[in-house]
Amino acid sequence: MASVARAGDVSATPGTTPVTGSTGAWSAGTISETTTSVFTSDRRAIVVEARCTFSYSGNTTSTPSSPVSQTSTVTLRPQTRALKVGGSPPLVDGDREQDSYGNALSVGSDATWSTA
């Protein structure tokens, strides 16, 4: 069985695909984690969902150039699992979600878990 995700085990990676017709860069915002207080792992709450809004800042490739800004929210939800934590399946090591720009949320965990 894969290791469950604890608070802080989800990471955000900005994408590299620009918004069409522009040059610029994506940046990751703050990761928002939904946790359960029913179970913990290494005294950290177990994560059942994570979300991050990525922001793009750049300029159009046309002449004259103009600023371009856009956001994209990526939500990482667990797959259906036999294990449920507080009624929801937990995120586990290796879970990943990304948008069409390559902005991604992923779980890296080597956790053990126990009842709180």
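Preceding this section is the structure that the text describes.
Presented here is an overview of the structure given in this document. (Residues numbered from 1 in each chain as written. Predicted model: local features only at pLDDT ≥ 70, side-chain atom pairs only at ≥ 80, totals over all residues. Heavy atoms only, no water.)

**Quick look at the sheet that holds strand β1 (residues 10-13)**
Here we have three strands laid out as an open sheet, ordered β1-β7-β6, and antiparallel in their pairing. Looking along the sheet, the strands with just one partner apiece sit at the ends: β1 and β6 (96-98). Across the sheet, the mean angle from the axis of one strand to that of its neighbour is 15°, orientation sign disregarded. Across four bridges, the pairing between β1 and strand β7 (residues 104-107) is antiparallel. Note on β7: the bridge partner recorded for S11 is S106. (Pairing = 2+ DSSP bridges. Helix = DSSP H or I, 4+ residues; strand = E, 2+ residues; numbered from the N terminus. Axes fitted to C-alpha atoms, helices over the stretch in contact; angles between N-to-C directions.)

**A look at the pairing of strand β4 (residues 44-60)**
Bridge count between strand β2 (residues 22-28) and β4: seven bridges; the pairing is antiparallel. Across the sheet, A28 pairs through a bridge with F54, a residue of β4. Note: β4 against strand β5 (residues 67-76), 10 bridges, orientation antiparallel. What sits directly across from S55, in β5, is T71. Counted along the chain from β4 to the antiparallel partner β5, the turn is six residues long.

**Observations regarding unusual backbone geometry**
Of note, the bond from T63 into P64 is cis; its omega dihedral lies within 30 degrees of zero at -5°. Relative to the assigned elements, P64 resides in the loop between β4 and β5.

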